[in-house]
Amino acid sequence: MSARKKRKTGLIIAAAAVVAVVAVVALIPKDTAPAMASVSTEALGRMDLKSTVSVTGAVVSDSEGDVYAKLAGIPMETVNVEVGDTVKAGDVLALFDTESIEDQIATQKATMSQTSAINQQQIKLAEKQRKQQIADFQENQDADLLSAKLNVNNALNALTQAKNNLEDFGSDVTTMDEDVFDQQPTITKDKFNYTIALQSYRASQEQVEEAKKELAAAQSGGNAQEIADAKDRLEVLEKEMERCKNVFEVEQISHPTIQHQYEQAELAVKQAQDAYDLALQQYDVTWNKTLQGIDTAQDNIDTSVISSNQTVSRLSLEQLEKKLDDAIVTAPISGTVTAVYAEEGATPSGLLFMIEDTDKLKIETTVKEYDLPSVKIGQKVEIKSDGIGDRVITGKVEKIAPTAVKAAAGSANSSGSVEFAVEISVDEPHEGLLIGMKARVSIVLQEALGVYGIPYDAVLTDPDGSTYVLAAEAGEKGYTAKRIPVQVGMESDFYVEISGDGLTDGLLVITNPAGITEGMPVPVSQPEGV
């Protein structure tokens, strides 16, 4: 059999039992065998056993509010608090000098007001112009459009007249007869003769062309008589065409004004048509220009509306007003002012005040990686500090970091021990425990209250795994070792919990049972109090 030896971090609190370490003296006569080695016993009693993880940490506030300067380059006008003052959330701690900010706000508002008035006037003017243009357009009163329309009408009238003149010139010639010639001026007869000569000449030309085709057809057929007849007919028609040509040429030379007049009439029609087409084009241009003018007027309105949008100016004003708000430095939380860095008249930057809730504290500590699996959120904690003497303040584990504490550069700590940050809440009351103090913390992993506990070495184990202790039992001839079966419970640093039917208060348990067997005499002197 061998004694069980285990080591585990923990704390032992003796309670409700008297523990006596008894020196066992051998009571063997001088004339007997050599004296047996002395044994140690401990009177069994109930106690509180606790298994703990012990660490050290710092006392900090559970609620902290660092106040930083939100303005740069502006002096501090007043500081209203000092270290130790108690404040509530929203209390004014200090005021910046806001004169320059207020001047900027006044200037910005004046500029925006003036710009708004100008923009509104421009919008009204643009709307008035557009309404007038639409009204003129709808009522057919636009001057440019009226002028263009008049030009179109005039050109159309001129074209109609030119066409009529040309038609009259031709009708005069084609409707005349011999009776009319005696009653018409000479120019009318000249027109008629010239036209008749031109028509006769053109008709003879057509007849000659037709005769040529008949001759070609006869020649293709090979009939000599038909060829001869065709040649005779062509010859007669060519002579007639020559005669008509001579008559036409005579009329053309004798009366050139008739051709000129006709050509002039045709030219007048063409010019009138061109003038009419141009007038239509100019009317379309003026029409589109008028519509474009209305669109431009709308664009002017839209532009004025856009110009009246002072978003940028408004944002600038909002930024200035925010600066004015930031000039009032208020407490972000309720608590005690623990540091003041602001000074009246100085231009601060960075941290101005530190405010901490001194009523609600916590302990910041670290737990090594081999202890971390045993530490759980909600576990009870016992807190000690030099500042509170022998008092023990309770708390509980509130937070365990998901990653190990980083090295200075933010990387994992590959050298030295690996630790995890742990936060521990402090229960009230905690008088005397102040922010900044060092604390000794015992995280209670397991506890057993009012149980029997003995040193580890007093527990023996059989080969089958059953456990027992040896007790010094008093008899007529002295003490003998007695075996008592036990069940082992939780363990602390030096003690282990035992239970069993044979255990009673005051039972003398042999604490160094090596080499002792059941029934063996054990020289024990009577412990005090037993």
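Residues numbered from 1 in each chain as written. Predicted model: local features only at pLDDT ≥ 70, side-chain atom pairs only at ≥ 80, totals over all residues. Heavy atoms only, no water.

**Quick notes on the overall build of the protein**
And step 1. When you go through the protein residue by residue, the secondary structure sums to 7 helices and 22 strands.
And step 2. The contacts of the protein with a sequence gap of at least 6 include a subset with a gap of at least 24, amounting to 75%.
And step 3. Surface accessibility of the protein: about 31,400 Å² in total, with carbon and sulfur atoms responsible for 51%. (Helix = DSSP H or I, 4+ residues; strand = E, 2+ residues; numbered from the N terminus. Contact = heavy atoms within 4.5 Å. Areas by Shrake-Rupley, 256 points an atom, 1.4 Å probe, with all protein chains shown as cover.)

**Focus: the side chain of Glu356**
And step 1. Among the secondary structure elements, Glu356 is positioned in strand 12 (residues 351-356).
And step 2. One buried charged residue, Glu356, remains without a salt bridge, the closest side chain of opposite sign being Lys362 at 9.4 Å.
And step 3. If sequence neighbours within four positions are ignored, Glu356 has contacts with Ser61, Ser63, Glu64, Gly335, Thr336, Thr338 and Ile435. (Buried < 20%, exposed > 50% of the residue type's maximum accessible area, 1.4 Å probe, protein only. Lys, Arg positive; Asp, Glu negative; His and termini not counted. Salt bridge = Lys/Arg side-chain N within 4 Å of Asp/Glu carboxyl O.)

**Thoughts on the sheet that holds strand 11 (residues 335-340)**
And step 1. Taken in spatial order, the 4 strands of this open sheet run 6-12-11-8, and their pairing is antiparallel. Among the strands making up the open sheet, the edge pair consists of strand 6 (64-68) and strand 8 (86-87). (Pairing = 2+ DSSP bridges.)

**Considering the packing of aromatic side chains**
And step 1. All told, the structure shown has 0 aromatic pairs when counted by the stated rule.
And step 2. Above the plane of the ring of Tyr452 lies Arg46, whose end atom (NZ or CZ) is 4.1 Å from the centre. (Phe/Tyr/Trp six-rings, centres within 6.5 Å; stacked < 30°, edge-to-face > 60°. Lys NZ or Arg CZ within 6 Å of the ring centre and 35° of its normal.)

**Section: the pattern of salt bridges**
And step 1. If you walk through the whole model with that rule in mind, you get 12 salt bridges.
And step 2. Here Glu382 and Lys50 are joined by a salt bridge, their closest N and O atoms 2.4 Å apart. Of this pair, Glu382 sits in strand 14 (residues 380-384) while Lys50 is found in strand 5 (residues 46-61), placing the two residues 332 residues apart along the sequence. As far as burial versus exposure is concerned, Glu382 and Lys50 are alike and both buried.
And step 3. Glu423 serves as the salt-bridge partner of Lys362, at 3.4 Å between the closest nitrogen and oxygen.

**Examining the sheet that holds strand 9 (residues 92-96)**
And step 1. Strand order in the open sheet made by the 3 strands is 7-9-10, with antiparallel pairing throughout. Of all the strands in the sheet, the pair left with one neighbour each is strand 7 (76-79) and strand 10 (328-330). Adjacent strand axes in the sheet meet at a mean angle of 20°, parallel and antiparallel pairs treated alike.
And step 2. Relative to strand 9, strand 7 is paired through 3 bridges, and the arrangement is antiparallel. Counted as the bridge partner of Thr78 is Leu95 from strand 9. (Axes fitted to C-alpha atoms, helices over the stretch in contact; angles between N-to-C directions.)

**Observations regarding the pairing of strand 11**
Along any regular strand, the residues point their side chains to alternate faces of the sheet.
And step 1. Bridge analysis of strand 8 against strand 11 gives 2 bridges, and the strand direction is antiparallel. Each bridged residue has a counterpart across the sheet, and for Val87 the counterpart in strand 11 is Gly335.
And step 2. Across 4 bridges, strand 11 lies against strand 12 in antiparallel orientation. Considered in strand 12, the bridge of Val340 is made with Phe353.

**What to know about the confidence of the model for the protein**
Caution applies to low-pLDDT regions: their predicted coordinates should not be interpreted in detail.
And step 1. Here the protein shows a mean pLDDT of 82. Residues at 70 or above account for 84%.
And step 2. Counted against residues more than four places away or in other chains, residues 1-35, with its pLDDT under 50, gives 92 contacts. (pLDDT = per-residue confidence, 0-100.)

**Overview of a negative patch on the surface**
And step 1. Taken together, the side chains of Asp359, Glu398, Asp427, Glu428 and Glu431 make up a negatively charged region of the molecular surface.
And step 2. Its location among the elements puts Asp427 in the loop between strand 16 (419-426) and strand 17 (438-455). (Patch = residues over 30% accessible without salt bridge, like charges linked within 9 Å, V, L, I, M, F, W, Y side chains within 5 Å. Charge placed at Lys NZ, Arg CZ, Asp CG, Glu CD.)

**Details of the pairing of strand 13 (residues 361-368)**
And step 1. Bridge analysis of strand 5 against strand 13 gives 5 bridges, and the strand direction is antiparallel. Note that in strand 13 the partner of Ser61 across the bridge is Leu361.
And step 2. Where strand 13 meets strand 16, 7 bridges bridge the pair, whose relative direction is antiparallel. Residue pairing across strands places Thr365 opposite Val422, the latter belonging to strand 16.

**Re a nonpolar patch on the surface**
And step 1. On the surface, a nonpolar cluster with roughly 210 Å² of combined accessible area is contributed by Val92, Leu95 and Ile328.
And step 2. Assessed through its relative accessible area of 37%, Val92 is described here as partly exposed.

**Section: the nonpolar core**
And step 1. Grouped together as the largest cluster of nonpolar side chains are 24 residues, with contacts concentrated most on Leu93, Phe96, Val329, Phe353 and Ile355.
And step 2. With 20 residues, the next largest nonpolar core counts Val422, Val426, Leu433 and Met437 among its residues. (Core = buried A, V, L, I, M, F, W, Y, C linked by side-chain atoms within 4.5 Å.)

**Examining helix 7 (residues 311-326)**
Three- or four-residue spacings in an α-helix give side chains the same orientation, since the helix completes a turn every 3.6 residues.
And step 1. The end-to-end C-alpha distance of helix 7 is 22 Å, a good match for the 22 Å that 16 residues give at a rise of 1.5 Å each.
And step 2. Here helix 7 has its buried residues at Leu317, Leu320 and Asp326. (Expected span 1.5 Å × (residues − 1).)

**Digging into the environment of Val381**
And step 1. Note on placement: Val381 falls in strand 14.
And step 2. Using a relative accessible area of 0% as the deciding quantity, one classes Val381 as buried.
And step 3. Put simply, Val381 and Val444 are 63 residues apart on the chain and 5.7 Å apart in space, counted from C-alpha to C-alpha.
And step 4. In contact with Val381, other than residues within four places in its own chain, are Ile393, Thr394, Gly395, Lys396, Val397, Ile424, Val441, Ser442 and Ile443.

**Points about the environment of Glu82**
And step 1. If you trace the backbone, Glu82 turns up in the loop between strand 7 and strand 8.
And step 2. Each C-alpha atom, one on Glu82 and one on Leu93, is 9.1 Å from the other, the two residues being 11 residues apart in sequence.
And step 3. Contacts of Glu82, omitting those with residues within four sequence positions, involve Val337 and Val340.

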